[in-house]
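Structural description and commentary
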Amino acid sequence: MSSTIPQVGFISLGCPKATVDAERILTQLRAEGYRITPDYHDAQLVVVNTCGFIDAAVEESLETIGEALAENGRVIVTGCLGAREGVVQSAHPQVLAVTGPDSLPEVMAAIHQHLPPQHDPWVDLIPPGGIKLTPRHYAYLKIAEGCNQQCSFCIIPSMRGRLASRPIGEILDEAEKLVADGVQELLVVAQDTAAYGVDQKYRTDFWQGRPLKTDIETLVKQLGSLGAWLRLHYVYPYPKVDRLVELMADGYALPYLDVPLQHASPSVLKAMRRPADSENMLRRIETWRTICPPLTLRSTFIVGFPGETERDFEMLLEFLQEAQLDRAGAFAYSAVAGAAANQLPDAVPEELKLERLEHFMELQTAISADKLQQRVGTSATVLVDEVHGDEAIARSPGESPEIDGVVVLRGFEGLEPGDA
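Residues numbered from 1 in each chain as written. Predicted model: local features only at pLDDT ≥ 70, side-chain atom pairs only at ≥ 80, totals over all residues. Heavy atoms only, no water.

The next thing to look at is a negative patch on the surface. On the surface, a cluster of negative charge is made up of Asp55, Glu59, Glu60 and Glu63. Its location among the elements puts Asp55 in helix 2 (residues 55–71). (Patch = residues over 30% accessible without salt bridge, like charges linked within 9 Å, V, L, I, M, F, W, Y side chains within 5 Å. Areas by Shrake-Rupley, 256 points an atom, 1.4 Å probe, with all protein chains shown as cover. Salt bridge = Lys/Arg side-chain N within 4 Å of Asp/Glu carboxyl O. Lys, Arg positive; Asp, Glu negative; His and termini not counted. Charge placed at Lys NZ, Arg CZ, Asp CG, Glu CD. Helix = DSSP H or I, 4+ residues; strand = E, 2+ residues; numbered from the N terminus.)

All right, on to the packing of aromatic side chains then. Taken as a whole, this structure holds 4 aromatic pairs when the rule is applied. Centroid distance Tyr236 to Tyr238: 4.8 Å. Interplanar angle 50 degrees. Geometry classified as tilted. Ring centres of Phe301 and Phe360 lie 5.5 Å apart, and the angle between their planes is 50 degrees; this geometry places the pair in the tilted category. You can see Phe301 sitting in strand 14 (residues 296–303) and its partner Phe360 sitting in helix 12 (residues 350–373), a full 59 residues away along the chain. You can call Phe301 buried: its relative accessible area is 0%. Owing to a relative accessible area of 0%, Phe360 belongs among the buried residues under this scheme. Cluster of aromatic residues (ring-pair linked, three or more members): Phe301, Phe319 and Phe360. One Lys or Arg, Lys17, reaches over the ring of Tyr234 and ends 3.8 Å from the middle of that ring. Looking at Arg231, its charged tip hangs above the ring of Tyr256, at a distance of 4.6 Å from the centre. (Phe/Tyr/Trp six-rings, centres within 6.5 Å; stacked < 30°, edge-to-face > 60°. Buried < 20%, exposed > 50% of the residue type's maximum accessible area, 1.4 Å probe, protein only. Lys NZ or Arg CZ within 6 Å of the ring centre and 35° of its normal.)

With that settled, consider the packing of helix 8 (residues 241–249) against helix 10 (residues 278–291). Describing two packed helices takes the angle between their axes plus the distance from one axis to the other. Where helix 8 contacts helix 10, the axes come no closer than 9 Å and their chain directions differ by 20 degrees. Regarding the angle of helix 8 to helix 10, the classification is roughly parallel. Judged by the twist between their axes, the crossing of helix 8 over helix 10 is right-handed. Side by side, helix 8 and helix 10 meet where Val241, Asp242, Val245, Glu246 and Ala249 of the first sit next to Arg284, Trp288 and Ile291 of the second. Here the residues of the contact of helix 8 with helix 10 sort into 5 nonpolar, no polar and 3 charged. (Axes fitted to C-alpha atoms, helices over the stretch in contact; angles between N-to-C directions. Parallel < 35°, antiparallel > 145°, perpendicular 65-115°, else oblique. Left-handed = near helix turned anticlockwise from the far one by under 90°. Contact = heavy atoms within 4.5 Å. Nonpolar A, V, L, I, M, F, W, Y, C, P; charged D, E, K, R; others polar.)

If you want it as structure tokens, here you go:
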């Protein structure tokens, strides 16, 4: 029977939002009777879910498409790079189809055209939570698509469109199914998580017969009542974030705040079209830690942005020293095609960008190491991810999967992934 079942290879690159897109495609494929195979040679076509945010991601996506074409020959491209169809077609004109991000109907139409489904009641079975690319005990939950921000370095709005929040009842239905299927941690993602509901003007929706306001606070309260860990990612620093920290202190969500701050110099932040009051941000961070003392703070920054002077960079380092973030990552500015920042004057030389990046990471590494040292002798609840004999790899509320570090447990018997 297996020889008659259409088989699809699937490769997914990029961020957790792309992972959610991939999971939806895989779920629909399995619902329609397709088999997913990890082998190029068993697949009758290959879907490549791409990333296109920065130049390195574009290069990786194009290389992956090329590899799939070389190994299989029949490739459908989707994802963020697919929004720049000309880039894909120019590099690989032989691909079967190109679709953009969040394009489930278009992807499935292309697959149906080139590999029609053959329904069979014995194989058209999917788990309640759908097909997941993550381990069974945690799952990403995308609550919105697109973004209304106009950051000058970013082209995501042109790829994924303006903010489009999902109905709150639909999100809660999905989350409830995931928890019923064994998920112990829900990781909320969106391009701009804290903006959830703005596009809907916070209208009332219904879940299980109850009226609920479409906003992030209501959503966090409801998700936090399902019995799984709840972790928020990509939280733009709106004033309402203070209320989210209060909900963390009340136990609705993990005390973990992922806020991409990008820089600390007012002039650079203004050029980035980001909130430009770093002193106020330091006060807010202090307030967050007062509200929720166990709070873990992580952020991302860009160094070498056009016009960044030595003084601007010093201000960034001073901010890091003052903020004492638990974790921070940084990127050297990359001139992404289509970004408004490419038109800014006074580009920083590549060598200087890398020097500043190295200096940034040296300082943040020391800060993070000191913060970790402060945890020695404390206790924490952890969630087990992997078990290898009498050693287990786990995470506390302060560690998000595949982003932060891990907690290693030794000498424990009988543990299983998902145990807490």
